[in-house]
Amino acid sequence: MTTQPIIFLDTETGGTDPDTSPLLTIGLITLQGGELSRPLHLRVRHGSYTVQAEAMAVTGIDLVAHHAAAQPPEAVAQAIREYAAEVGRVMLGGHNFSFDLGFMRRLMPDLHGVFRRGYTDTKRSAQFLIHAGLLPRTVGTPLDQLARHFGIEYGAHDALEDAQATAKVYVKLMELAKKGI
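Our subject in this report is the structure included herewith. (Residues numbered from 1 in each chain as written. Predicted model: local features only at pLDDT ≥ 70, side-chain atom pairs only at ≥ 80, totals over all residues. Heavy atoms only, no water.)

**What to know about the side chain of Thr166**
Next up, step 1: With respect to the secondary-structure elements, Thr166 resides in helix α8 (residues 159-179).
Next up, step 2: Excluding anything up to four places from it in sequence, Thr166 contacts Phe8, Gly94, His95, Thr122 and Leu143. (Helix = DSSP H or I, 4+ residues; strand = E, 2+ residues; numbered from the N terminus. Contact = heavy atoms within 4.5 Å.)

Right under this line is the structure:
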C-alpha cells in the first residue's frame with residue numbers, strides 16, 4: 001500500500017446542478033498506508049436553500065438543523081485548506097467524483113492549488129477491474145454495491161460515511177489490482 005496520502009472527499013447537495021443547487025455537506029478522510037485518519041464533516045450555510053425534493057429525500061438532511069450547525073462557505077473552504085495543509089498538496093479521491101468536483105470547484109476556485117490536479121475515482125477503478133476480469137460483472141459500480149461486495153458497512157448518503165466507505169473500497173480495489181499483476 002502506498003504511503004502517499006490521499007484525501008477522500010464526498011459531498012451531499014440539494015440537487016444535481018452545481019450552478020443552481022446548494023452544496024450542503026462535505027466529508028473528508030485521509031488514507032495513508034492503508035489506515036484512515038482525520039475524519040472531518042463540514043456543513044455549508046447558505047442565505048437560502050433552493051433544493052430538489054428528490055435530493056433531500058436521498059440525503060435526509062433537515063435544512064433547519066443543518067442551517068443552525070453550518071458555517072459560511074468561506075469558513076468551510078478555509079477549513080478544507082487547513083485540513084489539506086496538514087498533509088501537503090496531495091491527490092483527492094472519491095466515487096463518481098466528477099459530481100463532487102463540480103460542487104467543490106464552485107466552493108473553492110483554488111481547488112487545484114490546494115490539491116493535485118489528478119484524482120482517483122473508485123467508480124472508474126471498479127469499471128477497469130471489471131473489464132480486466134478481476135472483479136465480477138455482477139457487482140456493479142455504485143458505491144453501495146461495491147461496499148456490500150467487500151463487506152464494508154456504512155450509512156449511505158452521509159458525506160463523511162460515504163468518504164470513509166469510498167476510501168475502504170479503494171483499498172480493496174487496489175488489493176485486487178495487485179493480485180492481478
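Resuming the write-up.
**Regarding the pairing of strand β3 (residues 35-43)**
Next up, step 1: The pairing of strand β2 (residues 23-32) with β3 spans 7 bridges and is classified as antiparallel. Note that in β3 the partner of Thr25 across the bridge is Arg43.
Next up, step 2: Here β2 hands over to β3 after 2 residues, with Gly33 in that stretch at a positive phi of 60°. (Pairing = 2+ DSSP bridges.)

**Some points on the side chain of Thr25**
Next up, step 1: In this fold, Thr25 is placed in strand β2.
Next up, step 2: Residue contacts for Thr25: discarding those within four places in its chain leaves Asp10, Thr11, Glu12, His41, Leu42, Arg43, Ile61, His66 and Ala159.

**Things to note about the sheet that holds β3**
Each strand in a sheet pairs with another by means of backbone hydrogen bonds, the pair being arranged parallel or else antiparallel.
Next up, step 1: Within the open sheet, the 5 strands sit side by side as β3-β2-β1-β4-β5. Their pairing is mixed. Strands with a single pairing partner mark the edges of an open sheet, and in this sheet they are β3 and β5 (119-121). Here the strands of the sheet are splayed against their neighbours by 25° on average, with no regard to which way each runs.
Next up, step 2: Packed on one face of the sheet, helix α4 (residues 97-107) meets β1 (6-13), β2, β4 (91-94) and β5 and runs near 85° to β1.
Next up, step 3: On the sheet, helix α6 (residues 122-131) packs against β1, β4 and β5 and is oriented at approximately 60° with respect to β5. (Axes fitted to C-alpha atoms, helices over the stretch in contact; angles between N-to-C directions.)

**Let's talk about the pairing of β4**
Next up, step 1: Direction of pairing for β1 relative to β4: parallel, over a ladder of 3 bridges. Residue pairing across strands places Ile6 opposite Met91, the latter belonging to β4.
Next up, step 2: With 3 bridges connecting them, β4 and β5 associate as parallel partners. Bridge assignment links Gly93 to a residue of β5, and that residue is Thr120.

**Quick look at the packing of aromatic side chains**
Next up, step 1: Overall, the coordinates contain 3 aromatic pairs when judged by the stated rule.
Next up, step 2: A ring pair is formed by Phe99 and Phe103, whose centres lie 5.1 Å apart and whose planes are at 50°; its orientation type is tilted. Placement of the pair is Phe99 and Phe103 together in helix α4, with a separation of 4 residues, close to one helical turn.
Next up, step 3: Owing to a relative accessible area of 30%, Phe99 belongs among the partly exposed residues under this scheme.
Next up, step 4: When its relative accessible area of 2% is taken as the criterion, Phe103 is described as buried. (Phe/Tyr/Trp six-rings, centres within 6.5 Å; stacked < 30°, edge-to-face > 60°. Buried < 20%, exposed > 50% of the residue type's maximum accessible area, 1.4 Å probe, protein only.)

**Focus: α6**
Next up, step 1: Of all the positions in α6, only Thr122, Ser125, Ala126, Leu129 and Ile130 are classed as buried. One side of α6 holds all its buried residues, which, seen down the axis, span an arc of 140°. Across α6 from its buried face, at more than 90 degrees, point the exposed residues Arg124, Phe128 and His131.
Next up, step 2: Residues of α6 that are buried in the fold lie against β1, β4, β5, α7 (143-149) and α8.
Next up, step 3: One side-chain oxygen at the N-terminal end of α6 lies 2.8 Å from the backbone nitrogen of Lys123; it belongs to Asp121. (Arc of directions from axis to C-beta. Polar contact = N/O pair within 3.5 Å; in protein donor to acceptor, adjacent residues only side chain to side chain.)

**Looking at the pattern of salt bridges**
Next up, step 1: Applying the stated criterion across every chain, the model contains 4 salt bridges.
Next up, step 2: The shortest N-O distance in the salt bridge between Arg106 and Asp19 comes to 3.2 Å. Within this pair, whereas Arg106 is found in helix α4, its partner Asp19 is found in the loop between β1 and β2, the two being separated by 87 residues in sequence.
Next up, step 3: For Arg106, a relative accessible area of 52% puts it in the exposed group. (Salt bridge = Lys/Arg side-chain N within 4 Å of Asp/Glu carboxyl O.)

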